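Residue strings, one per chain:
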Amino acid sequence: MVSRAKIKELMNESACSHNKEKKKGEGCDMPKPGMAAGGCAFDGAQISLFPYADAVHLVHGPQTCLGASWETRETLSSYSGRNHTVMGFTTGITTNDVIFGGDKRLSSSIDYIVEHYAPEAIFVYSTCVTAMVGDDIDMTCKEASEKHAIPVVPVHAPGFVGGKNLGSRLAGEAVLEHLIGTKEPEFTTPYDINLIGDYNVTGDMWEYLPLFEKIGIRVLSSLSGDGRVGNIRTAHRAKLNVIVCAKSLITLCRKMQENYAIPWVSVSFYGKRDTSFAIMEIVHALGDETLIQKAKEVIAEEEAKLEEKLLPYKKLFAGKKAVLNTGGNKAWSIASGLQDLGIEVVATSVRKSTAEDKEKAREYLGEEGILMMAPASEQSKIIDEKNADILLAGGRSLYTAIKKKISFIDVNQEKKVSYGGYNGLLNLAEDLKYAFSNPVFANVSKKAPWEAQ
Ligand code: SF4
């Protein structure tokens, strides 16, 4: 069961820059009525752990909860065994279970899963109904874990406790409590890192992992993009935690620093400058002079190759202006990628950004750049005033671009290709090229031929 104290602790994370902005006692992500409309805590928890394809993700609740977030993101996996995430698993509790308790149903569901699917682990997610009924998920998971000799991890993030961000933090707590430190790695190196918070959406990680390999950095475990349960259990032996884009897992990193003395750095792999900066941050944190030299060589080589490939795109994009409406640290990281391509970013949305992200957005956009706090109402006006050529946003903003007759790219999780690493910048350039030359944005808002007469 998730306690009030745990929620309070997670909402007042000392290492999180959200809190520096707020008044005493007013932490991050306070549950508010309607908050689950943007994704409930259970959604956030499942999104954070779902990339573990070698595990079964069992939703203990009504069938409808499962549908809320199952397979909503294109998180890719290279797992060669049976990918358990292509199936949705739920105990599908009924009125009977609400009256008599759902523990027995949960226990027999776990038995059935082990017998028929043989996963490496099972994550059991509590939901609003099973949390309110008071099912003892901890006990059922503990007994099942002993009986089947695999980790059966209770994830206490019922929707009513808050939004997606809090759910992600609670998922991190579950991993820390039940998995990390439960197994020793076969071997270690001085260059072992954990990747935290990259879910490998559209294969983002695969764009920069080859660079790590060239330099000699080893990824010991990942939470959770293309992750394996067996590896995250050994995460306590890494030399560094690298948070990629997800501030929600900052609590996990802070606690790993306290418990295992593992320092952490926070980086982004969008755009040329940020990819190079991220690599240097990692090697400097690992503190090995040979590794630093190797990283410098690899960066110089990769940047030179990239610049050559980008030349024709930069000619095409000269003088173009963009408005960016996306969330969190993408407010500045995608802006940085666009600037690397020679596009002027005239405005970016910082509605969901931390104080740190806002500072970085200001740094990247300069004093003239607009930081939008209410992008839904501001972006239209800014497109007109600044004469923007393209809007990069989530799918819901497509209509704004069509109305304004400018190009549009979906840069949220619905996107189909990766923009990560140096290669990802080429993918972004290619998408921009097609968006700028796509006649649909100008044609779609024209009057029909019979109306024009
Ligand atoms: S956990 Fe609660 S808020 Fe989330 S989908 Fe289920 S019922 Fe809805």
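Residues numbered from 1 in each chain as written. Predicted model: local features only at pLDDT ≥ 70, side-chain atom pairs only at ≥ 80, totals over all residues.

## Some remarks on the sheet that holds strand β13 (residues 407–410)
We count it as follows: For two strands to be treated as a pair, DSSP must find at least two bridges joining them. Helix and strand assignments come from DSSP, with helices taken as H or I runs of at least 4 residues and strands as E runs of at least 2, each series counted from the N terminus. Every angle, taken between N-to-C directions, lies between 0 and 180 degrees, and every axis is a line fitted to C-alpha atoms, over only the stretch in contact when it is a helix. Each residue gets a C-beta atom placed from its backbone, and two residues are in contact if those atoms lie within 7 Å.
In spatial order, the strands read β11-β10-β9-β12-β13; together these 5 strands make up an open sheet with parallel pairing. Two strands close off the open sheet at either side, each with one partner strand: β11 (370–372) and β13. Strand after strand, the sheet turns through a mean of 20 degrees between neighbouring axes, direction not considered. Here 4 bridges tie strand β12 (residues 390–393) to β13, and the two strands are oriented parallel to one another. Bridge pairing in β13 links Leu-391 to Phe-408. Against the sheet, helix α19 (residues 421–437) touches β12 and β13, its axis set at about 145 degrees to β13.

## Some thoughts on the site of the ligand
As a reminder of what qualifies: Contact assignment follows one rule, namely that a residue is near a molecule or strand if its backbone-placed C-beta atom lies within 6 Å of it. Charged residues are taken to be Asp, Glu, Lys and Arg, nonpolar residues to be Ala, Val, Leu, Ile, Met, Phe, Trp, Tyr, Cys and Pro, and polar residues to be all remaining types, Gly included.
The local shell around the ligand holds 10 residues, among which Cys-40, Cys-65, Thr-127, Cys-128 and Gly-159 are the closest. Tallied by class, residues from the shell around the ligand come to 7 nonpolar, 3 polar and no charged.

## Considerations on the pairing of strand β5 (residues 192–196)
What counts here: Three exposure classes are used, based on other C-beta atoms lying within 10 Å of a residue's own C-beta, which is placed from the backbone: buried for 20 or more, exposed for 12 or fewer, and partly exposed in between. Throughout, right-handed denotes a crossover for which the path from the first strand over the helix to the second runs clockwise when the strands point away from the viewer.
Most of β5 is tucked away: 5 of the 5 residues are buried. Every second residue of β5 is oriented toward a common face, with Asp-192, Asn-194 and Ile-196 on one face and Ile-193 and Leu-195 on the other, all of them buried. Taken together, the 5 bridges between β5 and strand β6 (residues 218–223) define a ladder with parallel strand orientation. The partner of Asn-194 across the bridge, within β6, is Ser-221. Handedness of the crossover joining β5 and β6 through helix α10 (residues 204–215): right-handed. Here 4 bridges tie β5 to strand β7 (residues 240–244), and the two strands are oriented parallel to one another. In the sheet register, Leu-195 faces β7, and the bridge partner there is Val-242.

## Details of the domain arrangement of the protein
We apply this condition: What fixes the domain bounds is an automatic or database domain assignment.
Once the domains are mapped, the protein shows domain 1 (4–178), domain 2 (192–301) and domain 3 (311–443). Counting residues at the interface gives 25 residues for domain 1 and 22 residues for domain 2. Of all the secondary structure elements, the ones that give two or more residues to the side of domain 1 that touches domain 2 are α3 (41–49) and α9 (164–178). Broken down by element, the side of domain 1 that touches domain 2 gets its largest block of residues, 6 residues, from α9. Per-class residue counts for the side of domain 1 that touches domain 2 are 12 nonpolar, 7 polar and 6 charged.

## Description of the packing of helix α6 (residues 103–117) against helix α8 (residues 137–148)
The condition is simple: In this scheme, roughly parallel covers angles under 35 degrees and roughly antiparallel covers those over 145, while 65 to 115 is roughly perpendicular and the rest are oblique. Helix crossings get a hand from a simple test, with the near helix turned counterclockwise from the far one by less than a right angle marking a left-handed crossing and a clockwise turn marking a right-handed one.
Two elements in contact, α6 and α8, have axes whose closest approach is 10 Å; the angle formed by their N-to-C orientations is 30 degrees. The orientation of α6 relative to α8 falls into the category roughly parallel. As for how α6 packs across α8, the hand of that crossing is right-handed. On the side of α6, the interface is formed by Asp-103, Leu-106, Ser-107, Ile-110 and Val-114, while α8 contributes Ile-137, Thr-140, Ala-144 and His-148. Of the residues contributing to the contact of α6 with α8, the split by class is 5 nonpolar, 3 polar and 1 charged.

## Some details on the sheet that holds strand β8 (residues 264–267)
Strands in a sheet are paired, the pairing made by backbone hydrogen bonds, and the direction either parallel or antiparallel. The 4 strands are arranged β6-β5-β7-β8 in an open sheet whose pairing can be described as parallel. The open sheet terminates on both sides in strands that have one partner only, identified here as β6 and β8. Taken over all neighbouring pairs, the strand axes of this sheet differ in orientation by 25 degrees on average, direction set aside.

## Considering the environment of Tyr-79
The residue Tyr-79 is located in the loop between α4 (63–69) and β2 (89–90) in this model. Taking the number of C-beta atoms within 10 Å as the measure of exposure, Tyr-79 has 17 and is therefore partly exposed. In sequence terms Tyr-79 and His-60 are 19 residues apart; their C-alpha atoms lie 25 Å from each other. In this view, Tyr-79 contacts Ala-53 and Asp-54; residues no more than four positions away in its chain are not counted.

## Comments concerning the packing of α9 against helix α12 (residues 250–260)
Contact geometry of α9 with α12 gives a least axis separation of 8 Å together with a crossing angle of 30 degrees. For the element pair α9 / α12, the angle class is roughly parallel. Contact residues: α9 offers Arg-169, Gly-172 and Leu-176, while α12 offers Thr-251, Leu-252 and Lys-255. Considered class by class, the residues forming the contact of α9 with α12 number 2 nonpolar, 2 polar and 2 charged.

## Examining the nonpolar core
It is characteristic of soluble globular proteins that their nonpolar side chains tend to be buried jointly. Let me state the cut-off plainly: What we call a nonpolar core is a set of buried Ala, Val, Leu, Ile, Met, Phe, Trp, Tyr and Cys residues whose membership is set by joining through C-beta atoms within 7 Å.
Core analysis: the largest hydrophobic core is formed by 120 residues, its most contacted members being Ile-122, Phe-123, Val-124, Val-155, Ala-322, Ala-335 and Leu-391. When neighbours within four sequence positions are excluded, Val-124 is seen to be in contact with Leu-58, His-60, Leu-106, Ile-137, Cys-141, Val-152, Val-153, Pro-154 and Val-155.

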